[in-house]
Amino acid sequence: MKIIAKDNHEKPTEQDLASWQYQLSHCIKDIDSLSEYLELDASQLAFSSAASQDFQLKVPLPYANRMRKGDANDPLLLQVLPTSAELEYFPGFSTDPLQEASAKALTGLIHKYKNRVLLTLSGACAINCRYCFRRHFPYADNNIGSSQWQKILDYIQADPSIEEVIFSGGDPLATPDKRIAKFVNDLDKISHLQRLRIHTRLPVVIPQRITEQLCSILQNSRLQSILVIHANHANEFDAHVTSALNSLLAAKVTVLNQAVLLKGINDTLKAQKDLHIASFKAGALPYYLFVLDPVQGAAHFDVSDRQAQQLIGELQAHLPGYLVPKLAREIPGRPNKTLLAI
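The shown structure was predicted, so the numbers you read here are calculated from the model rather than taken from an experiment.

**Brief notes about the pairing of strand E2 (residues 109-113)**
Then comes step 1: With 2 bridges joining them, strand E1 (residues 104-106) and E2 adopt antiparallel strand pairing. Across the sheet, the residue bridging to Leu106 is Leu109, located in E2.
Then comes step 2: The hairpin formed by E1 and E2 contains 2 residues between the paired strands, and Gly108 there has a positive phi angle of roughly 85°.

Next up, the structure:
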């Protein structure tokens, strides 16, 4: 991997490069650095500074290292590159496509499905995916401080129907291990909880995040742990990601992968087949394939339901059932995900 200077004078040490905190704080955030890293001229990229002002370009180095050098149409690059298409208005696309504001029971807690609650553990992300359904989410209004955490614990304790807590964000694994340990230890004490689920992109974009301490926290919890990664393309898996997922599996964590169907990135039979084979080989069982949530700024990635259903039908003819994810959409107000193919 190309070494980027810590500042104008000092190169990072091997210890720096092995640290997920260093990688998280030293992401590529400008088009000149990204184009130089990818051995491209900035003029070859359809970059929009206006779109980046609205939702900043942000790419960690371990992820950028998997992009094909010299390829302006690399499928990993296209997931993170701000373009002028994001500034166009499309009817039906909004800043809160899943209407999560109405499902917020407490600051930092969303309760929209029976038996489980979602906590926005962190507003930080390691990477800014251009299709993110929470790209406009008011994270500053949903910070979980110590007093708010106690209110959340009281809320969960008071409702014995809640069996599962979901750590989300942002990316919940942007939270330090010490703080995660406190959260998990406190939740362990609520007797009716059975499962802890973590939705995170960090093991894919910065695999160094899967530390021995994190694995120990999850393995030693009485809660059954499920970690759902998010990878959309086979090229997102490499030896480092596989090693991170294997560490989780060794800690008896169930690992799943969910993806989003994205026009021009993974909307072909070959791309989908390669993705789910690579995911399973790396240790993550294919879980959901979501059609795009209608979030403002991402309409250019949209694939119609009819095309998606045709694609999943073709995929079923080429892969065993355990490698075929459930094609789904999330519709606000419904008590579960809506399956688009059975």
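Anyway, onward from the coordinates.
**Some remarks on the environment of Gly145**
Then comes step 1: In this structure, Gly145 sits in the loop between strand E3 (116-122) and helix H7 (146-157).
Then comes step 2: When the C-alpha positions of Gly145 and Leu121 are compared, they lie 9.9 Å apart, and in sequence the two are 24 residues distant.

**So, the packing of aromatic side chains**
Then comes step 1: If you walk through the whole model with that rule in mind, you get 7 aromatic pairs.
Then comes step 2: Judged by centre distance (6.4 Å) and plane angle (70°), the ring pair of Phe167 and Phe183 falls under edge-to-face. Of this pair, Phe167 sits in strand E4 (residues 164-169) while Phe183 is found in helix H8 (residues 177-188), placing the two residues 16 residues apart along the sequence.
Then comes step 3: For Phe167, a relative accessible area of 1% corresponds to the buried category.
Then comes step 4: For Phe183, a relative accessible area of 3% gives the class buried.

**Quick look at the confidence of the model for the chain**
Then comes step 1: Averaged over every residue, the pLDDT of the chain is 92; residues scoring 70 or more account for 94%.
Then comes step 2: Predicted confidence is poor over residues 5-9, with pLDDT under 50, and the contacts of this stretch with residues over four places away or in other chains come to 8 contacts.

**Topic: the sheet that holds strand E10 (residues 338-339)**
Then comes step 1: With respect to topology, 10 strands assemble into an open sheet ordered E1-E2-E3-E4-E5-E6-E7-E8-E9-E10, the strand pairing being mixed. The strands lining the two open edges of the sheet, one partner per strand, are E1 and E10.
Then comes step 2: Here E3 runs beside E4; their pairing, made up of 6 bridges, is parallel. Bridging across to E4, Arg116 finds its partner in Glu164.
Then comes step 3: Sitting on the sheet, helix H12 (residues 269-282) touches strand E7 (254-260) and strand E8 (285-290), and the angle it makes with E8 is about 145°.

**Considering the nonpolar core**
Then comes step 1: Core analysis: the largest hydrophobic core is formed by 95 residues, its most contacted members being Ile156, Phe167 and Leu187.
Then comes step 2: Take this core: its biggest share by element is 5 residues, from H8.
Then comes step 3: Counting residues in hydrophobic clusters, the runner-up holds 7 residues, among them Ile226, Val228, Tyr287 and Ala328.

**Details of the packing of H8 against helix H10 (residues 212-220)**
Then comes step 1: As a packed pair, H8 and H10 sit with axes 10 Å apart at the nearest point and diverge in direction by 0°. For the element pair H8 / H10, the angle class is roughly parallel. Along its contact with H8, which presents Asp177, Lys178, Ile180, Ala181 and Val184, the element H10 presents Gln213, Leu214 and Ile217.
Then comes step 2: The residue inventory of the contact of H8 with H10, partitioned by class, reads 5 nonpolar, 1 polar and 2 charged.

What counts and how
- Residues numbered from 1 in each chain as written.
- Predicted model: local features only at pLDDT ≥ 70, side-chain atom pairs only at ≥ 80, totals over all residues.
- Heavy atoms only, no water.
- Pairing = 2+ DSSP bridges.
- Helix = DSSP H or I, 4+ residues; strand = E, 2+ residues; numbered from the N terminus.
- Phe/Tyr/Trp six-rings, centres within 6.5 Å; stacked < 30°, edge-to-face > 60°.
- Buried < 20%, exposed > 50% of the residue type's maximum accessible area, 1.4 Å probe, protein only.
- pLDDT = per-residue confidence, 0-100.
- Contact = heavy atoms within 4.5 Å.
- Axes fitted to C-alpha atoms, helices over the stretch in contact; angles between N-to-C directions.
- Core = buried A, V, L, I, M, F, W, Y, C linked by side-chain atoms within 4.5 Å.
- Parallel < 35°, antiparallel > 145°, perpendicular 65-115°, else oblique.
- Nonpolar A, V, L, I, M, F, W, Y, C, P; charged D, E, K, R; others polar.

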